[in-house]
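Structural features, examined
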Amino acid sequence: MAFDCYVGGKTLTLKAGFDATFLSTKKAGGFVGTVVGPYAWAR
């Protein structure tokens with residue numbers, strides 16, 4: 001998984017190769033209150 005952002009016409013990778021499995025309900029043993037997914041925004 002990677003976390004990217006788009007700023008000033010450029011895509012910046014904040015973190016690449018990130019293991020986010022610890023955020024899963026199954027691995028954490030219960031709900032962790034975390035939502036990870038795509039997000040779109042336009043002016």
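Shown above is the structure to which this text applies.
Description of the structure in this document. Along each chain, numbering runs from 1 in the same order as the chain's sequence is written. pLDDT decides what is reported in this predicted model: residues at 70 or higher carry local features, side-chain atom pairs at 80 or more are listed and counted, and totals for whole chains, interfaces and linings draw on all residues regardless. Each side-chain value is derived from all of the structure's non-hydrogen atoms; neither hydrogens nor water enter the calculation.

1. Here we look at the packing of aromatic side chains
Ring geometry is summarised as follows: Phe, Tyr and Trp rings, the Trp one being its six-membered ring, pair when their centres sit within 6.5 Å, and such pairs are stacked at plane angles under 30 degrees, edge-to-face over 60 and tilted between the two. In total, this model carries two aromatic pairs according to the counting rule given. Ring centres of F3 and F18 lie 5.3 Å apart, and the angle between their planes is 70 degrees; this geometry places the pair in the edge-to-face category. Taken as a pair, F3 in strand β1 (residues 3-7) and F18 in the loop between β2 (10-15) and α1 (25-28) lie far apart in primary sequence, 15 residues in all. A relative accessible area of 30% means that F3 is categorised as partly exposed. Ring centres of F18 and F22 lie 6.1 Å apart, and the angle between their planes is 75 degrees; this geometry places the pair in the edge-to-face category. We call a residue buried when its accessible area falls under 20% of the maximum for its residue type, exposed when it is over 50%, and partly exposed in between, using a 1.4 Å probe and counting protein chains only. Given a relative accessible area of 26%, F18 falls into the partly exposed group. Among the aromatic side chains, those forming a connected cluster through ring pairs are F3, F18 and F22. Counting from the N terminus, the helices are the DSSP runs of H or I reaching at least four residues and the strands are the DSSP runs of E reaching at least two.

2. Things to note about the pairing of β1
In this structure, β1 lies alongside β2, joined through five bridges in antiparallel fashion. Residue V7 lies in a different strand from β2, and its bridge partner there is K10. The pairing criterion for strands is at least two bridges between them, as found by DSSP. Connecting β1 to the antiparallel partner β2 that follows it, the hairpin turn spans two residues, and G8 within it adopts a positive phi of roughly 60 degrees.

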